[in-house]
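# Chain and residue survey
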Amino acid sequence: MWYEACLDVESLDDDMLLTQIGYFGHHLEKALKHHQLAIELDKDYAPHYFNYANTLYKMDKKSEALDMYKKAYELDTKNALIADTLARNIQELGDVNTA
């Protein structure tokens, strides 16, 4: 399929593309590895953690995803999408006092 060629990318310029490939191509493990590499290369870039969290969430690893959403929020407290997603996940997991 078209997305399989994209999975061999060397560049991490489009972390969101890797998330979408993982979602729609069902290559979540490979997308997860790319997100981990992105984090290793730039530990202070909130979207890397956010996209990593989205992939973990899709894999039904919601507790781990929540930790990554929290990290993304720590790095970028002004990002409304990250803040909203974090609050929704906290609420979903039942820890409404944190939200």
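See the structure above.
Let us look at the structure shown here.

What counts as what
- Residues numbered from 1 in each chain as written.
- Predicted model: local features only at pLDDT ≥ 70, side-chain atom pairs only at ≥ 80, totals over all residues.
- Heavy atoms only, no water.
- Phe/Tyr/Trp six-rings, centres within 6.5 Å; stacked < 30°, edge-to-face > 60°.
- Lys NZ or Arg CZ within 6 Å of the ring centre and 35° of its normal.
- Salt bridge = Lys/Arg side-chain N within 4 Å of Asp/Glu carboxyl O.
- Helix = DSSP H or I, 4+ residues; strand = E, 2+ residues; numbered from the N terminus.
- Buried < 20%, exposed > 50% of the residue type's maximum accessible area, 1.4 Å probe, protein only.
- Contact = heavy atoms within 4.5 Å.

All right, on to the packing of aromatic side chains then. Under the defined criterion, the tally for this structure stands at one aromatic pair. Above the plane of the ring of Y49 lies K71, whose end atom (NZ or CZ) is 5.8 Å from the centre.

This brings us to the pattern of salt bridges. Side chains that differ in charge, positive against negative, can pair when their charged atoms come close. By the definition in use, this model includes three salt bridges. One salt bridge connects K62 with D60, and the closest N-O pair in it is separated by 3.7 Å. E92 is the partner of K62 in a salt bridge, and the nearest nitrogen-oxygen pair spans 2.9 Å. With K62 in helix α5 (residues 62-75) and E92 in helix α6 (residues 80-92), this pair connects stretches of sequence that are 30 residues apart. For E92, a relative accessible area of 42% translates into the label partly exposed.

Let's shift gears to the environment of A72. Note that A72 resides in helix α5. Classification of A72 by relative accessible area gives buried; the value is 0%. In sequence terms A72 and F50 are 22 residues apart; their C-alpha atoms lie 5.6 Å from each other. If sequence neighbours within four positions are ignored, A72 has contacts with A46, Y49, F50 and I82.

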